[in-house]
Amino acid sequence: MSAKARGGEWDCWAENTTKARKGDDLSARRLENACWRLWNMDKQSASPSASATPKKIRSCGSLANLVAAAGGDSGSEDGPGSQDLSQNPNFQEILKVAIGGGIDFTTCRFPAKSDNVRYDDLPTFPLRPNFAAFRNSLHPASECVVFDGCPEDPYHPSNTPIYQTATFVQPSCSEFGAYDYTRSGNPTRTALEKHVALLEQAAAAFAFASGMAALHTLMRLLRQGDEVLVNEDIYGGMHRLLTQDCIYSGLIVTFVDTTDLIAVEKAISPRTKLIHTESPSNPRMKISDLRGLAEIAHRHGVLLSVDSTMMPPVICKPLKLGADIVIHSATKFISGHADCMGGLVCVRDPEVAHRVAFLQNAEGTALAPFECFLFLRGIKTLHLRVTRAQENAEQVAAFLLSHPKVTAAYFPGKGGCDAKSLAIHRSQATGQGSMISLTTGCVEFSRRFCDACRIFKTTVSFGSVNSLCEMPCTMSHASIPADQRTLPDDLIRLSVGIEDVRDLIADLSMAFDIADGRPPKVMPVNGVYDSRFEDLPCVPSPAPAPRPRHQEESTRATSGATSEPSESSEASAPTQPRRIAAFAPALVLTAFSATLAIAAWRGQRRLAR
C-alpha cells in the first residue's frame, strides 16, 4: 500500500475490506478487523525503518504504527513504503506477525474527540476476530465446548464470568476504554457473540433481548421505500412484525414461495433490497434452496437473510451457503432449557456488522449479561442435545408415518417431504432436526390429541430438552389472520426432546387413543405425569390433628368414673403441657429482666474502670 494511495487512515480499512470480500484472505480479514477499530485513533510518532523485515507494532494506539510495522513507510513515494505491499510475496507473513502479535486489543484506548471522527463511529466494545474465513480444526462437538470467552482475564477462569455491571470506569475524561456502558458493550456479551460467530463462521454476531428484537433489527437495515421479499410460510411473530409494524415505516412487504426460485426472481423489483426466508419453514417444514436463493439475490444486488432457528449451527451454516445474514431465536436450541430469552444476528460483511452494532447500541436491544451467561452455558451442550433430539425425532417420525390417524407428516427426512426437497436439505444440512408437523384431518381430534399428551407439554416455542406440542393456528401463529394463513387448521407441531424415545412414543400412542375415544393401551399408574405423586405415602407422616377441648374433658370424666388415675397417668396427662404453658409468659419476663440486670452490671464495671 503506497503512501500516496493510502491518503487517509480510512482508506486502509476500505481497501482491505474489498480484498477480504474477494476471497478467503485470512490476513486481509484480520487487518480489516484491526483497521476498522483503529482507523480513528491518534497517530503516535514513530521512527519508520527502511527495512522490510517484519516487526512488532510499537504501540497499539496508532494505525500509523500498524502500517509502518507492515512495511516500513518512509513517507517518501520512492522509499520502501511507496510500494504496494499486497504485491509483496511475504505480505501475508508480514501481516500475521504485525497483527497477530502486535496488538493488545484489551488495552486499546479511543479518543473521545477527534477532528475526523464522529462520536457514533467510536467502537462500543473491543476488537474481535473476524471468523468469516476461519477454518476450525476441531470437530463440531468440540467447537461447542472448547472456547475461552475471556482469554484476557488475569485470573483465567474456566468459565466466563457474569459482568453484572451497568458502567465501566474510563481511563480519563478524554478517552474511552474497551467498555463504557453495558447497553453498548459488556465482556459477557462479547464472549457469547464471539462464540456464536465462531460456530456460524460469521464476521460478527450480535446478541439481542429476544428473537423478535433480532428480527426487528434486521428490518431496521432497510429504509423507507425498500422492499423485502418474505417466504409465505413464515413464523407468526415475523408475519405480525412485517404486516402490522414495518409497513407503517414505509417498507414494502411481498410474500413469495421461496421454494420456487423462478417465482422469487420474477418477484424482485428495483426496490427489492432483502430476501428473507426459513428453511425448513415454520411450521410447514418447506425446504428452500439457500444456495440458489443466494445466487439470485446477489445477481440482483439484494441481501439474503435466513432465520435458521430450526437448524442450529451444528446442523447448518447458511453463511457458508451464500446467505448474508443469519437470525436465531436463541431461546430455542441455543439455550436448550427454555429458561431465558434472546436473539442472534450473524453477518458476514463487516459493513453490515458495523450498522447492526450501531442499531444494537442506539435502540438499546442488547442482551443482558446474565442471559448471555446462560446461553454460553447452553452452547456447551448444544451438540449433545441436538444429536439426541434428532435421533429421537427419527423414531417418532417413523411411528407417526405408520399411525392410521396421521393423514400427513412434515419434516426434512425420508417420508416427510418430496425427494427433491430432501436432496436440497441434505446438501445444506447434516441432519433433519427435531421438529415434526402433522395433520389428523380433524381440528377437534388434533385438539383432543394435544390435550391428552402428558410428556409432550402443550406450549409455544421449541428446541428445549423437553418435548413440546402445539397447534400453530391457535397458538404460535394465531396472530396471522385466518384469511391470510397458509396452514391447515388441524396442523400439530411437535418439538422432540431428549427423553427416552420409548416413553415419547408411548405418550403419543396414549394421546391418539384418548383422542379417538378408546381406552389407551399404555397408561401411567396415576394417569398423568404431573410430578405430584399423590399416590405415594408422605414423609414424614403428618401428625394427627389435635382434638377439641370439650372432647378431652369428656374423655377425662369417663376415665375417672371407671378407675382411679395412677401416678404415671397423671404425669402423662394432657393437662401437664397446659400448666407449663400457663407459666411461659412469666418465664420469658424473668429471663428478659435477668438480661437487663446483667447488661446494667457490665455497664457499671466499665464506668468504674
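*Asks:* Could you clarify how one ought to interpret the pattern of salt bridges in this entry?
*Replies:* Taken as a whole, this structure holds 17 salt bridges when the rule is applied. Here K286 makes a salt bridge to D257, at a shortest N to O gap of 3.6 Å. Of the two residues, K286 sits in the loop between β6 (272-278) and α11 (290-299) while D257 sits in the loop between β5 (252-256) and α10 (261-267), which places them 29 residues apart along the sequence. Classification of K286 by relative accessible area gives buried; the value is 17%. The partner of R348 in a salt bridge is D324, with the nearest N and O atoms 3.6 Å apart. Remark: D324 occurs in the loop between β7 (303-307) and β8 (325-329) and R348 occurs in the loop between β9 (343-347) and α12 (350-362); sequence separation between them is 24 residues.

*Asks:* Would you take a moment to explain the confidence of the model for the chain for this structure?
*Replies:* Close inspection of predicted coordinates is inappropriate for parts of the model with low pLDDT. The predicted model of the chain averages 80 in pLDDT, with 70% of residues at 70 or higher. Note that pLDDT drops below 50 for residues 1-27; the model gives that stretch 57 contacts with residues more than four away or on any other chain. Low pLDDT, under 50, characterises residues 36-86; the stretch is placed with 119 contacts to residues that sit more than four places away or in other chains.

*Asks:* What am I meant to see in the sheet that holds strand β10 (residues 408-410) here?
*Replies:* Through backbone hydrogen bonds, the strands of a sheet pair up, either in parallel or in antiparallel fashion. The 5 strands are arranged β10-β11-β14-β13-β12 in an open sheet whose pairing can be described as mixed. For this open sheet the edge positions go to β10 and β12 (457-458), each flanked by a neighbour on one side alone. Of the strand pairs in this sheet, β12 and strand β13 (residues 468-470) are connected by 2 bridges, and their pairing is parallel. Following the sheet pairing, K457 is matched in β13 by L468.

*Asks:* Looking at this structure, how should I read helix α17 (residues 501-515)?
*Replies:* Each turn of an α-helix holds 3.6 residues, which means side chains three or four residues apart point in the same direction. The end-to-end C-alpha separation of α17 is 21 Å, in line with the 21 Å expected for 15 residues at 1.5 Å each. Each element contacted by the buried residues of α17 is listed here: α14 (382-402), β11 (435-439), α16 (443-452) and β14 (492-495). Phi for G517, located one or two positions after α17, is positive at around 80°.

*Asks:* I keep staring at helix α9 (residues 236-244) and nothing clicks. Help me out?
*Replies:* The complete set of buried residues in α9 reads G236, G237, M238, H239, L241 and L242. Summarising the contacts, the buried residues of α9 are in contact with α8 (211-220), β4 (227-231), β5 and β6.

*Asks:* What is the right way to read the packing of aromatic side chains from this model?
*Replies:* Two aromatic rings are characterised by how far apart their centres lie and by the angle between their planes. Taken as a whole, this structure holds 6 aromatic pairs when the rule is applied. Between F131 and F134 the ring centres are 5.6 Å apart and the planes differ by 80°, which places this aromatic pair in the edge-to-face class. Of the residues examined, F131 reaches a relative accessible area of 8% and is grouped as buried. What makes F134 partly exposed here is its relative accessible area of 27%. Grouped by ring-pair contacts, the aromatic residues F399, F445, F449 and F512 constitute a single cluster. Sitting over the face of the ring of F462, K332 holds its NZ or CZ atom 5.6 Å from the ring centroid.

Conventions adopted
- Residues numbered from 1 in each chain as written.
- Predicted model: local features only at pLDDT ≥ 70, side-chain atom pairs only at ≥ 80, totals over all residues.
- Heavy atoms only, no water.
- Salt bridge = Lys/Arg side-chain N within 4 Å of Asp/Glu carboxyl O.
- Helix = DSSP H or I, 4+ residues; strand = E, 2+ residues; numbered from the N terminus.
- Buried < 20%, exposed > 50% of the residue type's maximum accessible area, 1.4 Å probe, protein only.
- pLDDT = per-residue confidence, 0-100.
- Contact = heavy atoms within 4.5 Å.
- Pairing = 2+ DSSP bridges.
- Expected span 1.5 Å × (residues − 1).
- Phe/Tyr/Trp six-rings, centres within 6.5 Å; stacked < 30°, edge-to-face > 60°.
- Lys NZ or Arg CZ within 6 Å of the ring centre and 35° of its normal.

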